[in-house]
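# Fold and contact review
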Amino acid sequence: MIDDALAAWEAAYRSHYRVLFAVAVQRFHIPLADAEWLVHDVLVAYVQSTRTIEDLRRWLVGAICNASKNYWRSHKREESLSPSALSIPDPRATVDVFDSAIAAHEALDDIHGKYRTAVQLRYIEGCTIPEIAAKLGTTSRYAEKLVHIGMQRLKKRGEK
Amino acid sequence: VRHHDESTLMDYVAGSAPAAVADHVAKCDVCEHNIEELLDRLSNGTESPPPAAILERAQRILREDAEATAELSTLLRDPAGYTGQSTTGLLRALLRHIETELDRDPASALRLTAKAETLLGQIDAVQERGSTASLTGEIWKLRSHAQRMLSLYDRALASLDIAETYYPGSPVSDLDLASVAFSRAAIFADLHRYADAERQLVSAEPVFARYGERRRLLHVLLLRGAIAFRQGEMRSARSAWEAVLAAHGADEETLARTRHNLAQALMATGEMSAAADHLYAAARLYEELGKPTEAERARWVIGRVYLQMKDWSRALPLLVGAHQFFHGRDMLEEAGLAGLDAASAHLALRDFPSARSILRGVLDLFLARKLEHRAVEALQHLVETIESPHASEALQQLRASLDPEPLPPSPTRPRA
């Protein structure tokens, strides 16, 4: 039974991923890696839905449009990143920025949910990048990016 | 008719088109077809396989759902004493169960929402990311439905206010919020706050249309009909309900409910034969859906149609049948009222012993329900004077004072 359900979900993924990705990138100008994250969120929300969905494609497209709008709403509150944000920060150097674990926790409150979770898993819980990817249900490449950006934001906050 | 170009259609899909465009597209088959073509082109005819991490996540969710079926039975045997491990799968299964329990026993559904909250507190929010917030919203929404069914309207509205705060992180937050708006509209309709109800429906309708939620759109129409009926606008009520019947995509329960409602509008305008036809069809649908209580309720109203038509011999078996059915299920209020209707038919046929026998049974029910003293006294007097020339009129007055012609039921919630 699980196999049938999984096969049905996989078929839905295969046939809808591209259109959802295209809507997020072309209509809403979501950066590519974030668009991938949003599409995965939508497809996971579909498998978790407790309701019967009447028109799957319209439901998924409606969901990706809404998720994209939510994305920009939450990003408006955040500062844009400089290109140097993609360099890999040394966690030990960042730890030095804070006086204590309490300060680190307070700093974590200032960053966006998914970046916060990624940093918390990496530097407080000690997870590896593949472990973070598994926990967040995403790819290692994207998990790594989340950790990098999250650490950059922490560093900026610590310098203030 | 001017149809919209691709850019406007994409705005509609994205939820940023003006209201006039949304209104047109929701009703236009050509634009709907063009949207489908546009999406086909965007998909570029290619398929993408899911990455292993996402596939594993979906597999875990589905496994939890499968395991939850057996675990839910254990939980329901003793919800308070359940100490098993909580998963989002078990929580989803419990929420689905609460949804069905609402129709059967809203008080029990309300108690189960507290258990759902306990289970939610045991789930690792980091691992489940946004889904716990949505599930919290769902719990509060179901709690509101149960409270509404128990006529706890203020609490039902407050629960919806709380539900609303949990949805913003969900990928389908707009659909969730539209569903809350619909639930609010149903409560406002019960409270006779019709303008407030309409405002909520206006906000929910375009979102349901964008997500292709045809059944929910029909529920909007069904509720609009109920609001018109309650305001005495029979023509508008009929037109809304006839539109539901004519629409594609209505599920059988919606059709049954709509026919039941339409019959009551037809009864109000004196079109008894058409009303009976709709009620027979509704009863058949309810039977097919495995809802014998609703089917019996429809047959009871058919009996009342025949009473109004003075067709006593056709009314009698339906009304006696309803009285016995409800009595057998301890639905004392319905059993009492159907008993009074059956006694009316006996009286019209001058079968005084049968009328007296049923009224005595109803009297016992009224005493058991501790009904208003004056109604009990009036019924006692009727039993004693059943053969007097004024008995029939007195019985009708008593019946009308206890339950004027019931209002059509409005949909509780946009059903899945």
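If you're wondering where the values come from, they're calculated on a predicted model, not measured in any experiment. (Residues numbered from 1 in each chain as written. Chains lettered and ligands numbered in written order. Predicted model: local features only at pLDDT ≥ 70, side-chain atom pairs only at ≥ 80, totals over all residues. Heavy atoms only, no water.)

### So, the overall build of chain B
To keep it simple, the criterion reads: Helical segments are the DSSP runs of H or I of at least four residues, strand segments are the runs of E of at least two, and each set is numbered from the N terminus. Categorising residues by exposure relies on relative accessible area from a 1.4 Å probe, with only protein chains included: less than 20% of the type maximum marks a residue as buried, more than 50% marks it as exposed, and the intermediate range marks it as partly exposed. Every residue pair with non-hydrogen atoms within 4.5 Å of one another is taken to be in contact. Using a 1.4 Å probe, accessible areas were evaluated by the Shrake-Rupley method; residue-level cover was limited to the displayed protein chains. We score Asp and Glu as negative and Lys and Arg as positive, and we do not count His or the chain ends. Where a charge lies is defined by one atom per residue type: Lys uses NZ, Arg uses CZ, Asp uses CG and Glu uses CD.
Scanning chain B for helices and strands turns up 21 helices and 0 strands. Expressed as a percentage of the 416 residues in chain B, the buried residues total 52%. Here the contacts in chain B between residues at least 6 apart in sequence split such that 60% fall between residues at least 24 apart. About 18,700 Å² of surface is accessible on chain B, with carbon and sulfur atoms providing 51% of the total. Computing the positive centroid from 47 side-chain charges and the negative centroid from 59, chain B places the two 3 Å apart.

### Observations concerning the overall build of chain A
Of the regular secondary structure elements, chain A holds 8 helices and 0 strands. Beginning at the N terminus, the succession of helices and strands in chain A can be written as α-α-α-α-α-α-α-α. Burial status across chain A gives 50% buried among its 160 residues. Here the analysis covers contacts within chain A between residues at least 6 apart in sequence; of these, 64% occur between residues at least 24 apart. Split by element, the accessible area of chain A, about 7,700 Å² in all, is 53% carbon and sulfur.

### Let's talk about the state of the cysteines
For clarity, the threshold we go by: Pairs of cysteine sulfur atoms within 2.5 Å are what we label disulfides.
Counted under the stated rule, the structure contains 0 disulfides over all chains. Unpaired in this structure, A:Cys65 has its nearest cysteine sulfur neighbour in B:Cys31, at a distance of 17 Å. B:Cys31 forms no disulfide, and the closest cysteine sulfur to it belongs to B:Cys28, at a distance of 3.8 Å. Classification of B:Cys31 by relative accessible area gives buried; the value is 0%.

### A word on the packing of aromatic side chains
Applied cut-off: The pairing test for Phe, Tyr and Trp rings, Trp by its six-membered ring, is centres within 6.5 Å, and the orientation test on the planes gives stacked under 30 degrees, edge-to-face over 60, and tilted for anything in between.
In this structure the tally under the stated criterion is 9 aromatic pairs over all chains. With a centroid separation of 5.6 Å and 50° between ring planes, the pair formed by A:Trp9 and A:Tyr13 is classed as tilted. One end of the pair, A:Trp9, and the other, A:Tyr13, are both in helix 1 (residues 2–27), 4 residues apart, so they sit about a helical turn from each other. Given the relative accessible area of 2%, A:Trp9 is considered buried. What makes A:Tyr13 buried here is its relative accessible area of 1%. Aromatic side chains B:Phe229 and B:Trp241 sit 5.9 Å apart centroid to centroid with 35° between the ring planes, which places their arrangement in the tilted category.

### Some points on unusual backbone geometry
Residue and element names in this part refer to chain A. The residue histidine 29 is not glycine, and still its phi comes out positive at about 55°. One can find histidine 29 in the loop between helix 1 and helix 2 (32–48). For histidine 29, a relative accessible area of 58% gives the class exposed.

### Focus on the confidence of the model for chain B
Detailed conclusions should not be drawn from predicted coordinates in areas where pLDDT is low. All names here are of chain B. Which entries qualify depends on this criterion: The predictor's confidence in any single residue is recorded as pLDDT, a number from 0 to 100.
Taken residue by residue, chain B gives an average pLDDT of 87. The fraction at 70 or more is 94%. The secondary structure element of chain B with the lowest average pLDDT is helix 7 (residues 125–128), at 59, and the one with the highest is helix 15 (residues 272–288), at 95. Of the regions scoring below 50 in pLDDT, residues 412–416 engages in 25 contacts with residues more than four places distant in sequence or in other chains.

### Some thoughts on the environment of A:Tyr142
All names here are of chain A. Mapped onto the elements of the fold, tyrosine 142 is located in helix 8 (residues 140–159). As for tyrosine 142 and alanine 8, which are separated by 134 residues in sequence, their C-alpha atoms are 26 Å apart. Residues in contact with tyrosine 142, not counting those within four places in the same chain, are Ala33, Asp34, Trp37 and Lys114.

### A word on the pattern of salt bridges
A side chain with one charge may pair with a side chain of the opposite charge, provided their charged atoms come close. Note the cut-off: What makes a salt bridge here is a side-chain nitrogen of Lys or Arg within 4 Å of a carboxyl oxygen of Asp or Glu, nothing more.
Throughout the structure, instances matching the rule amount to 32 salt bridges over all chains. Across the salt bridge formed by B:Arg60 and B:Glu64, the nearest N and O atoms sit 3.1 Å from each other. Of this pair, B:Arg60 and B:Glu64 both sit in helix 4 (residues 52–77), separated by 4 residues, roughly a single helical turn. The exposure class of B:Glu64 is buried, given its relative accessible area of 12%. Residue B:Asp174 is joined to B:Arg210 by a salt bridge in which the shortest nitrogen-to-oxygen separation is 3.2 Å. In this pair, B:Asp174 is assigned in helix 10 (residues 173–190) and B:Arg210 in helix 11 (residues 194–210), connecting sequence segments 36 residues apart. Under the relative-accessibility criterion, B:Asp174 is labelled buried at 13%. The exposure class of B:Arg210 is buried, given its relative accessible area of 13%. Taken together, the shared-partner salt bridges connect A:Arg57, A:Arg58, B:Glu32 and B:Glu36 into one network.

### A short note on the interface of chain A and chain B
Cut-off, in case you're wondering: The term buried area denotes the loss of accessible surface (1.4 Å probe radius) that occurs when two parts are joined, taken as the sum for both partners.
If you look at the interface, chain A gives 48 residues, while chain B gives 58 residues. Between chain A and chain B, roughly 5,000 Å² of surface is buried when both sides are summed, and carbon and sulfur atoms account for 58% of that area. It is A:Arg51, A:Glu54 and A:Arg58 in chain A that bury the most area against chain B; as a group they hold 16% of the surface buried on that side. Between the two partners, chain A and chain B, sit 5 salt bridges.

### A short note on helix 4 of chain B
All names here are of chain B. Here is the rule we go by: Expected span of a helix: the number of residues minus one, times 1.5 Å. Bending is quantified residue by residue as the angle between axes fitted to the seven-residue window ending at that residue and the seven-residue window starting at it.
Over its 26 residues, helix 4 extends 38 Å from the first C-alpha to the last, a length consistent with the 38 Å expected when each residue adds 1.5 Å. Maximum bend of helix 4: about 40°, positioned at threonine 69. The set of residues buried in helix 4 consists of Ala53, Ile54, Arg57, Ala58, Ile61, Leu62, Glu64, Asp65, Ala68, Leu72 and Leu75.

### Some details on the packing of helix 1 of chain A against helix 2 of chain A
Residue and element names in this part refer to chain A. For clarity, the cut-off: In this description, a line fitted to the C-alpha atoms serves as the axis of each element, helices being fitted only across the stretch in contact, and the angle between N-to-C directions of two axes falls anywhere from 0 to 180 degrees. An angle counts as roughly parallel when it lies under 35 degrees, as roughly antiparallel when it exceeds 145, as roughly perpendicular when it falls between 65 and 115, and as oblique in every other case. It is the rotation of the near helix from the far one that decides the hand of a crossing: anticlockwise by less than a right angle makes it left-handed, clockwise makes it right-handed.
Between helix 1 and helix 2, the shortest axis-to-axis distance is 9 Å and the interhelical angle comes to 140°. In terms of axis orientation, helix 1 runs oblique to helix 2. The element helix 1 and its partner helix 2 pack so that their crossing is right-handed. Of the residues in helix 2, those in contact with Trp9, Ala12, Tyr13, Tyr17, Leu20, Phe21, Ala24 and Val25 of helix 1 are Leu32, Ala35, Glu36, Val39, His40, Val42, Leu43, Tyr46 and Val47.

### Here's the deal with the environment of B:Pro206
Residues and elements named next belong to chain B. With respect to the helices and strands, proline 206 occurs in helix 11. Here proline 206 falls in the partly exposed class, since its relative accessible area comes to 33%. As a C-alpha pair, proline 206 and alanine 26 span 180 residues in sequence and 7.9 Å in three-dimensional space.

### Describing the environment of B:Leu395
All names here are of chain B. You can see leucine 395 is positioned in helix 21 (residues 391–402). Taking the relative accessible area as the measure of exposure, leucine 395 reaches 1% and is therefore buried. For leucine 395 and alanine 109, which are 286 residues apart along the polypeptide, the C-alpha to C-alpha distance reads 37 Å.

### Overview of helix 17 (residues 312–328) of chain B
Residues and elements named next belong to chain B. Under the 1.5 Å per step criterion, the end-to-end length of helix 17 is 24 Å for 17 residues, consistent within 8% with the ideal 24 Å. All of the buried residues in helix 17 are Ala315, Leu316, Leu318, Leu319, Val320, Ala322, His323, Phe325 and Phe326. Next to the buried residues of helix 17 lie helix 15, helix 16 (292–308), helix 18 (332–348) and helix 19 (352–368). One or two steps after helix 17, the chain reaches aspartate 330, where phi turns positive at roughly 60°.

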